[in-house]
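Listed below, chain by chain, are the residues.
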Amino acid sequence: MALTIKEVEHVALLARLSLSEDEKKRFGEQLSSILNYADNLNSLPTDDVEPLTHILTVNNVFRTDDIKPSMDRDEMLANAPQAENSQYKVPKIM
Amino acid sequence: MELYELTLHELQERLARREVTSEEIVKSIFTRINRVEDKVKSFITLIEESALQRARVIDNGGIYPGIAGIPLGLKDIFCTRGVKTTCGSKILENFVPAYESTASGRLDQQQGVLVGKLNMDEFAMGSSTENSAFFATRNPWDLTRVPGGSSGGSAAAVAADEVPFALGTDTGGSIRQPASYCGVVGMKPTYGRVSRWGVIAFASSLDQVGVFSKDVRDNALVMNIIAGHDPLDSTSAAIEVPDYTSNLDGDVRGLRIAFPKEYFGPGIDAAITKSIKKALQKYEELGAIVEEVSLPHSQYALPAYYLVAPAEASANLARFDGVRYGYRDFEAENVVSMFSRTRAQGFGDEVKRRIMLGTYALSSGYYDAYYLKALKVRRLIANDFAKVFHDFDLIVSPTTPTIAFKLGEQSGDPLTIYMNDILTVPVNMAGLPGMSIPCGFEQGMPIGMQLIGKAFDEATLYKAAYAFEQNTDYHTMKPDLGVK
Amino acid sequence: MSKDFEIVIGLEVHAELKTQTKIFCSCSTAFGAEPNTQTCPVCAGFPGMLPVLNEKVVELAIKTGLALHSEIPEVCKFDRKNYFYPDSPKAYQISQFDLPVCVGGFVDIDVNGQKKRVGITRAHMEEDAGKLVHQGDITTTPFSLVDLNRCGVPLLEIVSEPDMRSAQEARAYMEKLRSMLLFAGVSDCKMQEGSLRCDANVSIRPIGQKEFGTRTEIKNLNSFRALERAIEYEANRQKEALEDGEEIIQETRTWDEEKQLTRSMRSKEEAHDYRYFPEPDLPPLKISSEWVEKIRGQMPEMPDQAQIRLVEEYGLPEYDAGLLTLTPENLIFFDQCLKEYPDAKTVSNWMMGELGRLLNQNNLEIGECNIKPIDLVQMLKAIEDGSISGKMAKAVFEEMFASGKSPALIIKEKGLVQISDEGTLVPVIEDIVKANPRVVEDYKNGKDKALGFFIGQIMKSTRGQANPALVNKLLKECLDKQ
């Protein structure tokens, strides 16, 4: 199970991680090795097994529809790398 | 004995008898920290002034219920209001939360005195604390060795008498493994026992908050405070918290202890195997019933873990995009470029690896073969434990396959370092409580014994751990840091 | 569309559910607040935060499912839908993927008398994203600002089957769906405020072909009119493309309201791989039949039932019934009028006619205007008892709408009371008749226009207030005496 550079690039794009050519190669090899190891699971028959998605067997954890004060806007924006007009500022989308 | 050498309950007694003040304790702690921190490097952030002030306020109040006036450390994964919280990462290097995690908040409400934030592998991904973006912490028993990870700073600080207790988190062994390497008590409770609110998420279905301490009683004391339902965490259990200190009577007669043969194979250091077997003998002497069992799917836990955890992590870490907090690459010309460059610059290699691994495992065409498959294997692992717990109260095994390795020794192949978690990961996959207590030495380095319990049966773990501890003296041993 | 092709339309509607607080945190959902004043670390995706589900959201989702005749499965769960965008703080949206809260269902529509049943595929709960503010257009702005107030507002995404075959059907579906949601009381459905949004999936295929053609998704449809126009434009664009031998690319397009066309939104980025997986921070939901039945027991009357009632009880034409049940406010207004004034058709005519016109002109909802049922009733009674003429009534009504005064007051103030008193009219008539002897001659010689002349003069003299029927009678009597 060896990942091609193209596959590594695709995954890096999905994950929004820009990689150098060297990193693509290095991570590609490392990921392939880990996935090879994960392929060990293939030998285990699991057709009739229910996936375990939640450890606790609870259902219906709710809260009521009562308004609580929001956090102060200045506190919310205190860690913002860039803000303007009380909004988070980001560079152009396109 | 210096104040910094004492356990939590010993400090409580001194405070109760008015023999010391909180300020004196905190000063003693900082004296110790100032002497050994250069060597051990446990802390990312220290808040000496604030801690002293807090201590003085508590002293003015004049009473010391519970942990009032007692210093503590927090793994830098707990969001602390007004105190920098980095999660061991450059991407949060200057992040100061405006909110407090539930677990640390409960300690704060009980007037515990926070002295600082402890080093960790970046985003809790690692088994040595070498993945911290800032520096590596050293094992107080041998400064050329790792303290373990990801809660390496917490384990080292307790082992080095820098704090009487600390909180950490455990996703695949990140409390138990460093506790084992550093010769301290580390407890990861049942999934859902302690709230995850305000704890920076690595893998949502595996993360649990736990406690490092010098002995079992201290651990139980702290667990009493932090455990319990939190309406802010939909995965926190609405199950009553018993008094974990009430069972500490040393009586383990009739306790049915299982040891899984898969945990004692050739991959485990002979000295460690010997040490655990000796411990099991001790339990038999104390009246417990000890038998070998099988957890047949054990070998599949680690590969499954390294699909489930990174998958969840890839989503949990996606919020670090430079928009609302944390590091941002200001040279990016547009938003997509900003995301990719910010994350590339802000995250270390291990984090990137796991994000990509997780993204791949969830991606179109691979979800069934990887992520879904791993969740099914998870069910089999949980079933294995459930079967054993029909007939037994406790499972005992080594915590780690080796003693603490040397700094830099395992930095090559990621898979090698993952193997350190092989005995701890199954417990997280099943969501069960697991504890590590010191039970021997090899080459002067601590060996840890892992105790695994039924869901929400931390009480039995504490009872059994206490019995062993009180019948041995490993918990009294301290590393010689060459300072007095 | 030409005789060769047919249009296939499916609609994805997002309705904001009418709760006080967001779906996963207790911040307010109120519209129009100052930027970032209704956020907290949870909805803003800060580190360490966890969602807690608002029970009311589930209740409203179930209610909607019942209104849409959907099945409410016993188990449903949330999933993470992963994608990066500045208005999506966690870089994943908590949504529902394979086990949604509602499955199946239908909406019955009527287009110019043609009835049709449009299928619903599913409806699921999810959280809304924040708002991006650009300087000008998204393609030319040098930067954008992010307001997270809306982030976490609960949405119900309702997906229709691709059953619609014309822009008119699509519009009818939207109107009917909107009225159903309003009647069920689950959403405000204000398209201009964004509490009701619609994306259209449009494709065309040769008539008779079973396979669907390639579809495009059209976004930015901010009104029913835009929906109709966009569908017609897009279907035509696709037809022309196919006729030119081009292939239709499956893509997202945006409706340009100014230029009245659809534009491709395709960027160099990959098609989205959302990498859905079950949300580990939220336990699954088990919706008991008891809960569903309890909610069903609390369902108000739905538009379809109300329409049947109006037709059967009051004998109203279906067209009227349809308009009167477009919103619950319309129906409440109508029902209240009927309590005091049992002529359903007259009330309906006034509501659909004059009232409808004034509401449209002034961009108001029926509940917001000055006219209340009691006012309309009063006016209709005044017409009935002859106090004002039908023609007068229109002017009175407009004044009622503008000022909020009662008809009685307006009639009095403007002296618009219809003159039905013989004692007042007879002298006026006699004066005019006596002043125009030649016209009297014309009348006697059988010229009809003469009568009209007199009536005109009498109406002019009484400023239009003379009761026309009475004028006719008295005029003839007077002329016969000459």
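Residues numbered from 1 in each chain as written. Chains lettered and ligands numbered in written order. Predicted model: local features only at pLDDT ≥ 70, side-chain atom pairs only at ≥ 80, totals over all residues. Heavy atoms only, no water.

### Looking at the overall build of chain A
What counts, and what does not: Only runs of H or I of at least four residues qualify as helices and only runs of E of at least two qualify as strands under DSSP, and these elements are numbered from the N terminus. Here the globule rule is a power law, 2.2 Å times the number of residues to the power 0.38, and the radius of gyration is based on C-alpha atoms. Methods summary: accessible areas were calculated by the Shrake-Rupley approach with a probe of 1.4 Å, and residue burial reflects only the protein chains presented. Counting rule for charge: Lys and Arg are taken as positive, Asp and Glu as negative, and neither His nor the chain ends is counted. Charged side chains are reduced to one point each, which is NZ for Lys, CZ for Arg, CG for Asp and CD for Glu.
Scanning chain A from N- to C-terminus turns up three helices and three strands. Reading the helices (α) and strands (β) of chain A from amino to carboxyl end gives α-α-β-α-β-β. Taking 94 residues into account, the globule formula puts the C-alpha radius of gyration at 12 Å, and chain A, at 23 Å, lies well above it. Judged by the C-alpha coordinates and their principal axes, chain A covers about 55 × 45 × 20 Å. Per element, the accessible surface of chain A, about 5000 Å² overall, is 49% carbon and sulfur. For chain A, the distance from the average position of its 10 positive side-chain charges to the average position of its 16 negative side-chain charges is 10 Å.

### Some remarks on the overall build of chain B
Worth spelling out the cut-off: Note on classification: 1.4 Å probe, protein chains only; a residue is buried when its accessible area is under 20% of the maximum for its type, exposed when over 50%, partly exposed between these limits. What makes two residues a contact is simply this: any of their non-hydrogen atoms within 4.5 Å.
Broken down by element type, chain B carries 15 helices and 11 strands. The C-alpha radius of gyration of chain B comes to 21 Å, within 12% of the 23 Å expected for a compact globule of 484 residues. Taken along its principal axes, the extent of the C-alpha atoms in chain B is 65 × 55 × 45 Å. In chain B, which comprises 484 residues, the share counted as buried stands at 70%. Sequence separation of 24 or more characterises 76% of the internal contacts of chain B that already satisfy a separation of 6 or more. Computing the positive centroid from 49 side-chain charges and the negative centroid from 58, chain B places the two 2 Å apart.

### Let's talk about the sheet that holds strand E2 (residues 83-84) of chain A
Heads up, the condition is: Should DSSP find at least two bridges between two strands, the strands are regarded as paired.
Pairing in this open sheet of four strands is antiparallel, and the strands run E2(A)-E3(A)-E10(C)-E9(C) from one edge to the other. Each end of this open sheet is capped by a strand with a single partner; those strands are E2 of chain A together with strand E9 (131-134) of chain C.

### Digging into the interface of chain A and chain C
Put simply, the rule is: Once two parts are brought into contact, the accessible area they lose, counted with a 1.4 Å probe and summed over both, makes up the buried area. The salt bridge criterion pairs a side-chain nitrogen of Lys or Arg with a carboxyl oxygen of Asp or Glu, the two atoms within 4 Å. We define a polar contact as two N or O atoms separated by no more than 3.5 Å, with the added condition that, inside protein, one atom must be a possible hydrogen donor and the other a possible acceptor, whereas residues neighbouring each other in sequence contribute only through side-chain atom pairs. Here the term charged refers only to Asp, Glu, Lys and Arg, the term nonpolar to Ala, Val, Leu, Ile, Met, Phe, Trp, Tyr, Cys and Pro, and the term polar to all other amino acids, Gly among them.
Counting residues at the interface gives 32 residues for chain A and 55 residues for chain C. Of the roughly 3900 Å² buried between chain A and chain C, counting both surfaces, carbon and sulfur atoms make up 60%. Summed over the three residues of chain A that lose the most area to chain C, namely A:Phe62, A:Arg63 and A:Asp65, the buried surface amounts to 19% of that side. The interface formed by chain A and chain C holds zero salt bridges in total. The tally of links from chain A across to chain C stands at 23 residue pairs in polar contact (both at pLDDT 80 or more). Taken together, the elements giving at least two residues each to the side of chain A that touches chain C come down to helix H1 (5-14), strand E1 (62-63), helix H3 (73-77) and strand E3 (87-91) of chain A. Element by element, the count of residues in the side of chain A that touches chain C is highest for E3(A), at five residues. When the residues that make up the side of chain A that touches chain C are grouped by side-chain class, the tally is 14 nonpolar, nine polar and nine charged. Looking at chain direction, E1(A) and strand E2 (residues 53-54) of chain C are connected through two bridges and run parallel. When the sheet's bridge partners are listed, A:Phe62 is paired in E2(C) with C:Leu53.

### A closer look at the interface of chain B and chain A
At the interface, 67 residues of chain B touch 50 residues of chain A. Summing both sides of the interface, chain B and chain A together bury roughly 5200 Å²; the carbon and sulfur share of this comes to 70%. Of the charged contacts, one joins B:Asp349 and A:Arg26 as a salt bridge, the two residues approaching to 3.1 Å between their closest N and O atoms. There are 17 residue pairs in polar contact (both at pLDDT 80 or more) connecting chain B and chain A. Of all the secondary structure elements, the ones that give two or more residues to the side of chain B that touches chain A are helix H9 (301-316), helix H10 (335-346), helix H11 (349-362), helix H12 (368-391), helix H13 (414-418) and helix H14 (425-430) of chain B. The element best represented in the side of chain B that touches chain A is H12(B), accounting for 11 residues. Each residue belonging to the side of chain B that touches chain A can be placed in one class, and the counts come to 39 nonpolar, 15 polar and 13 charged.

### Digging into the nonpolar core
How we decide: Buried residues of nine kinds, namely Ala, Val, Leu, Ile, Met, Phe, Trp, Tyr and Cys, make up a nonpolar core once their side-chain atoms join them within 4.5 Å. An automatic or database domain assignment supplies the start and end points of every domain.
If you look at the biggest cluster of nonpolar residues, it comprises 323 residues, and the most contacted ones within it are B:Phe123, B:Leu451 and C:Tyr173. Among the domains, domain 1 (5-293) and domain 2 (301-413) of chain C are the pair contributing at least three residues each to this core. In contact with B:Phe123, other than residues within four places in its own chain, are B:Cys87, B:Ser89, B:Ile91, B:Leu92, B:Ile200, B:Phe202, B:Leu317, B:Phe320, B:Phe347 and B:Val351. Within the second largest apolar cluster, 18 residues are counted, among which are C:Val439, C:Ile458, C:Ala466 and C:Leu475.

### Some points on the packing of helix H8 (residues 344-361) of chain C against helix H9 (residues 373-384) of chain C
Residues and elements named next belong to chain C. Put simply, the test is: Throughout, an axis means a line fitted to C-alpha atoms (over the contacting stretch in the case of helices), and angles, computed between N-to-C directions, take values from 0 to 180 degrees. An angle counts as roughly parallel when it lies under 35 degrees, as roughly antiparallel when it exceeds 145, as roughly perpendicular when it falls between 65 and 115, and as oblique in every other case. Crossing handedness follows the turn of the near helix against the far one: under a right angle anticlockwise gives a left-handed crossing, and clockwise gives a right-handed one.
Direction vectors running N to C along H8 and H9 enclose 120°, while the axes themselves pass 11 Å from each other. Overall, the two elements H8 and H9 adopt an arrangement that is oblique. Two packed elements cross with a definite hand, and for H8 against H9 that hand is right-handed. On the side of H8, the interface is formed by Thr346, Val347, Trp350 and Met351, while H9 contributes Leu376, Met379, Leu380 and Ile383. Looking at side-chain class alone, the contact of H8 with H9 contains seven nonpolar, one polar and no charged residues.

### As for the packing of helix H13 (residues 437-444) of chain C against helix H14 (residues 449-461) of chain C
Residue and element names in this part refer to chain C. Taken N-terminus to C-terminus, the directions of H13 and H14 make an angle of 140°; their axes are 8 Å apart at the nearest point. By the angle between their axes, H13 is oblique relative to H14. Mapping the contact onto sequence places Val439, Val440, Asp442 and Tyr443 in H13 and Ala450, Leu451, Phe453 and Phe454 in H14. Partitioning the contact of H13 with H14 into residue classes produces seven nonpolar, no polar and one charged.

### So, the packing of aromatic side chains
Heads up, the rule is: Two aromatic rings, drawn from Phe, Tyr or Trp (for Trp, its six-membered ring), form a pair once their centres lie within 6.5 Å of each other, and the interplanar angle then sorts them: stacked below 30 degrees, edge-to-face above 60, tilted otherwise. A ring is scored as having a charge over it whenever the NZ atom of a lysine or the CZ atom of an arginine sits within 6 Å of its centre and within 35 degrees of its normal.
Within this structure, the stated rule accounts for 33 aromatic pairs over all chains. With 6.0 Å between their ring centres and 75° between their planes, B:Phe320 and B:Tyr325 make a pair best called edge-to-face. By relative accessible area, B:Phe320 is classed as buried at 2%. Ring plane angle 50° and centroid distance 4.7 Å describe the contact between B:Tyr325 and C:Phe46, whose orientation is recorded as tilted. One end of the pair, B:Tyr325, is in the loop between H9 and H10; the other, C:Phe46, is in the loop between strand E1 (5-16) and E2, on a second chain. Per residue, the accessibility class of B:Tyr325 equals that of C:Phe46, and both read buried. Joined through ring pairs, the aromatic side chains of B:Phe95, B:Tyr99, B:Phe123, B:Trp197, B:Phe320, B:Tyr325, B:Phe347 and C:Phe46 make up one cluster. Over the face of the ring belonging to A:Phe27 we find A:Arg26, whose NZ or CZ atom lies 5.2 Å from the ring centre.

### So, the environment of C:Lys391
All names here are of chain C. With respect to the helices and strands, the residue Lys391 is situated in helix H10 (residues 390-403). The class of Lys391 is exposed, set by a relative accessible area of 73%. Sequence spacing of Lys391 and Gly464 is 73 residues, and the spatial spacing of their C-alpha atoms is 9.0 Å.

### Looking at the sheet that holds strand E5 (residues 92-95) of chain C
With antiparallel pairing, three strands are arranged side by side in an open sheet as E5-E4-E16 (chain C). The outermost strands of the open sheet, each flanked by one partner alone, are E5 and strand E16 (277-278) of chain C. Of the strand pairs in this sheet, strand E4 (residues 79-82) of chain C and E16(C) are connected by two bridges, and their pairing is antiparallel. Bridging across to E16(C), C:Arg80 finds its partner in C:Phe277. Here H9(B) sits on the sheet in contact with E4, E5 and E16 of chain C, set at roughly 60° to E4(C).

By themselves, these are just geometric observations and shouldn't be taken as functional.
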